[in-house]
Amino acid sequence: MAFMPFITAGDPDLDTTVAVLKELAHRGVDLIEVGFPYSDPIADGPVIQESYTRALNNGFHVHDLFEALKTLSADPSITLPPLVGMVSYAIIFRYGSDKFLNEAKAAGFSGLIVPDLPGDEAQELAEKTKAVKLDLVQLVSPLTPENRTKRIVQVASGFIYCISVAGTTGVRDELPPELTAHLESLRSLTDLPLAVGFGISNPNHVNTLRGKADGFIIGSAIVKQFAAFSDPAQNRDAVLKAIGDYAGEMAAATKG
Amino acid sequence: MTTSLSNVPDSAGRFGEFGRRFVPETLMHALEELTSEYEKAKQDPTFQAELDDLLKHYVGRPNPLYFAERLTQHCGGGKIYLKREDLNHTGAHKINNTIGQALLTMRMGKKRVIAETGAGQHGVASAVACARFGLDCVVYMGEEDIRRQKLNVFNMKMMGAEVRAVTSGSRTLRDAVNEAMRDWMSSVETTHYIIGSVIGPHPFPMMVRDFQSVIGKETRAQCLEQTGRLPDQVIACVGGGSNSAGMFYPFIDDESVKLIGVEAGGRGPEPGQHASTLSYGAKGVLHGSFGYVLQDDDGQTLDVHSISAGLDYPGVGPEHSYWKDSGRVNYTAITDDEALEGFQTMAKLEGIIPAIESSHAVAHALKVARDTGPEEIIVICLSGRGDKDVNEVARLLDRDI
Ligand SMILES: Cc1ncc(COP(=O)(O)O)c(C=O)c1O
């Protein structure tokens, strides 16, 4: 199973983002989702919202992220896992979708997840991402009926992001029991890998998914730790190591 | 099919290029269901009869189209008429929409309602509708607005609604919409979200416009009856754009009728000082639909300012974006100070205290009326009454209550 941690870009600054990416790369994660801070993230719970707010208050700009990643990707001393951007369509549209996609590609992204661009509206962007060889990952929720799922998987590429629960991002104690059946039905509708996200935080969750999903995403449980970067009482390297240790533990759990 | 401007949106919720649905997949199925349930209700004579009956006996419609004689004399131009939405139960147009959506909530078998509110008028109108039908009601309201609108907060609670303070972002209307959407993400199977304006993903902009169109339909008929002809100008304030959309829509195909939407000009045209989305914004996505938005170059929503909590919103309904680009409606802005003037002039000359939102429309009429001939007819949508605003106005005028 692939382990895909999610991090916020620019929280608290892009130097730290680069340091976190390097740390995660050393810990053997399989893919990293890079969240683009957005002012109105309606799919996100408090942890990611607060992280986005910190980044925006510190002057996050899309172009600066692309530049920082371009430099990092060109560094021969480091091998990064594939990077997938998690970005609101509000940002892509306003930045200019062609410009955004070209710069994202040049920065080393291999795909995008656009949480507020449902399959019905994704046709145009799907053609553009295809033209620049970026994947456009589609999301399927537990409330998506089968006829919608069939349409959604048609425009999807890379993997299918299976939302575990109806709700926003954020850690949950248990994964819902219906998830297994949902994954089975999805499996019958697509050959793309299935990655589960929302609510996952510990090795127990990972064990429940084993044999049913091809990957999982951990967001809030990692981003929660980013708050410490902005705490003057904390040492940055220690925070980095804590994030790395946690990622290492989860990466080990996937093999376990 | 005609290519009439009023023949929108299409089945994907497109007003030209505007509108549509930019929301997480988790909400998509519910929006599809809502769209089809609304279409059925619209065709159902019992639904319409029930709605009409409530509008008449509970809301108090039709409200008057009133000739404002002294205001007319004061301006020395065309005849000014007021559409008296302030006389509705709860004192604003918002109830036209909440009653309709509450009926729809029950049709869908849902028992819980959520709503967002800025000034509290939509929150109160939602709480009223929920009390009337025995639905659970949770209203999201920015912490900053809760402080500014204590009276409405108390009223909502009296009627059994729970008011949840929103502490994220700018703690105003836009953040209240975000929080309501987040609630809906996890409650959508049992809960209906009564959006308070012609914003959000399809079908909300269409549905709210339809429920508010009673304003324009009545106005059109009353004007014909009282004056024998249609008005020359119709003026309404624009926050999200519901009272104006409801007022304008029945006039869209009447080419002789000039339609003017008045946005909040705040303290001036600098970014952050106003909420004039159509005057200064650019195309973008906010709260699930595509339209004009006040954003920076990265697509981040900008802070907005208005004296009026109900106009303090960085987006606007997609149909207004469509009307702007087609040139059918003209949009302009009125500053905080001008609105305050309009508020006082209306009170002194007509004995009517308008909502500070509606005062923006009044102020624009005061500006343009003197340049019109005596035979011209100008209609102002008086979207609400100003009781909720007297504390704030007293503070700004340095007076005690
Ligand atoms: C009296 C009144 N008028 C106007 C508005 C603005 O909303 P809209 O543009 O949707 O009519 C509000 C919103 O709170 C209001 O209370």
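A quick note: this is a predicted structure, and the numbers were derived from the prediction, not measured. (Residues numbered from 1 in each chain as written. Chains lettered and ligands numbered in written order. Predicted model: local features only at pLDDT ≥ 70, side-chain atom pairs only at ≥ 80, totals over all residues. Heavy atoms only, no water.)

A. Representation of the side chain of B:Thr191. Residues and elements named next belong to chain B. For Thr191, the location among the structural elements is in strand β8 (residues 191-193). Given a relative accessible area of 0%, Thr191 falls into the buried group. Within polar-contact distance, the side chain of Thr191 engages the side chain of Thr190 at 3.4 Å. (Helix = DSSP H or I, 4+ residues; strand = E, 2+ residues; numbered from the N terminus. Buried < 20%, exposed > 50% of the residue type's maximum accessible area, 1.4 Å probe, protein only. Polar contact = N/O pair within 3.5 Å; in protein donor to acceptor, adjacent residues only side chain to side chain.)

B. Representation of the side chain of B:Thr345 in the model. Tracing the chain through its elements places B:Thr345 in helix α14 (residues 336-350). Setting aside its immediate chain neighbours within four residues, B:Thr345 contacts B:Leu71, B:His74, B:Glu350 and B:Leu366. (Contact = heavy atoms within 4.5 Å.)

C. Main features of the nonpolar core. Formed by 170 residues in total, the largest nonpolar core has its most connected members in A:Phe36, A:Phe100 and A:Phe109. Examining the composition of this core, we find that 8 residues originate from one element, helix α11 (residues 236-255) of chain A, more than from any other. Residues contacting A:Phe109, with those up to four places away along its chain left out, are A:Val34, A:Phe36, A:Phe66, A:Leu69, A:Leu83, A:Val84, A:Gly85, A:Ala104 and A:Leu134. If you look at the next biggest cluster of nonpolar residues, it comprises 28 residues, including B:Ile235, B:Val362, B:Ala363 and B:Ile380. (Core = buried A, V, L, I, M, F, W, Y, C linked by side-chain atoms within 4.5 Å.)

D. Local environment of the site of the ligand. Residue and element names in this part refer to chain B. Taken together, 17 residues are adjacent to the ligand, and Ser197, Gly239, Gly241, Ser242 and Ser383 come closest. Here an oxygen atom of the ligand sits 3.3 Å away from a polar atom, N or O, in the main chain of Gly240. Measuring from an oxygen atom of the ligand, one finds a side-chain N or O atom of Asn243 at 2.8 Å. Burial of the ligand by the protein chains amounts to 97% of its free accessible area of 390 Å². Of the residues contributing to the shell around the ligand, the split by class is 4 nonpolar, 11 polar and 2 charged. (Near = heavy atom within 4 Å. Areas by Shrake-Rupley, 256 points an atom, 1.4 Å probe, with all protein chains shown as cover. Nonpolar A, V, L, I, M, F, W, Y, C, P; charged D, E, K, R; others polar.)

E. Highlighting the confidence of the model for chain B. With 99% of its residues at a pLDDT of 70 or more, chain B has an overall mean of 97. The ipTM for the predicted assembly is 0.97, set against a pTM of 0.98. (pLDDT = per-residue confidence, 0-100.)

F. Representation of the sheet that holds strand β9 (residues 233-237) of chain B within the structure. Residues and elements named next belong to chain B. Across the sheet, 6 strands lie side by side as β3-β4-β14-β9-β10-β13; this open sheet has mixed pairing. Sheet topology places β3 (65-67) and β13 (329-335) at the edges, where each strand pairs with a single neighbour. Strand-to-strand twist in this sheet, taken as the mean axis angle between neighbours without regard to direction, amounts to 25°. The sheet contact formed by strand β4 (residues 79-84) and strand β14 (residues 377-382) spans 6 bridges and is parallel. Considered in β14, the bridge of Ile80 is made with Ile378. Running over the sheet, helix α15 (residues 358-369) touches β4, β9, β10 (258-266), β13 and β14 and is turned about 145° from β9. (Pairing = 2+ DSSP bridges. Axes fitted to C-alpha atoms, helices over the stretch in contact; angles between N-to-C directions.)

G. Structural detail: helix α4 (residues 94-107) of chain B. Residues and elements named next belong to chain B. With 14 residues, α4 should reach 20 Å at 1.5 Å per residue; the first-to-last C-alpha distance of 20 Å fits that figure. When you tally the buried positions in α4, you get 12 out of 14 residues, the bulk of the element. Those residues of α4 that fall on the buried side of the exposure criterion are Lys94, Ile95, Asn96, Asn97, Thr98, Ile99, Gly100, Gln101, Ala102, Leu103, Leu104 and Thr105. One or two positions beyond α4, positive phi appears at Gly109, with a value near 75°. (Expected span 1.5 Å × (residues − 1).)

H. Examining the pattern of salt bridges more closely. In this structure the tally under the stated criterion is 44 salt bridges over all chains. Where A:Glu121 meets B:Arg20, a salt bridge forms, and the shortest distance between an N and an O atom there is 3.0 Å. In this pair, A:Glu121 sits in the loop between β4 (109-113) and α6 (123-131) while B:Arg20 sits in the loop between β2 (18-19) and α1 (25-43), so the two residues belong to two different chains. Note on B:Arg20: relative accessible area 12%, which makes it buried. Measuring nitrogen to oxygen at the nearest pair gives 3.9 Å for the salt bridge that ties B:Lys79 to B:Glu375. Pair noted here: B:Lys79 is in strand β4 and B:Glu375 is in the loop between α15 and β14, with a separation of 296 residues, a long-range link. For B:Lys79, a relative accessible area of 27% translates into the label partly exposed. Within the structure, one salt-bridge network assembled from shared partners comprises A:Asp120, A:Arg148, A:Arg151, B:Glu25 and B:Glu32. (Salt bridge = Lys/Arg side-chain N within 4 Å of Asp/Glu carboxyl O.)

I. View of the interface of chain B and chain A. On the chain A side, the residues contacting the 35 residues of chain B number 38 residues. Across the chain B/chain A interface, buried area totals approximately 3100 Å², and carbon plus sulfur atoms make up 52% of it. Counting every contact that joins chain B to chain A gives 7 salt bridges. For the pair chain B and chain A, the number of links is 19 residue pairs in polar contact (both at pLDDT 80 or more). Looking at the side of chain B that touches chain A, the elements with two or more residues in it are α1, α8 (173-187) and β11 (282-286) of chain B. (Buried area = accessible area lost by both parts, 1.4 Å probe.)

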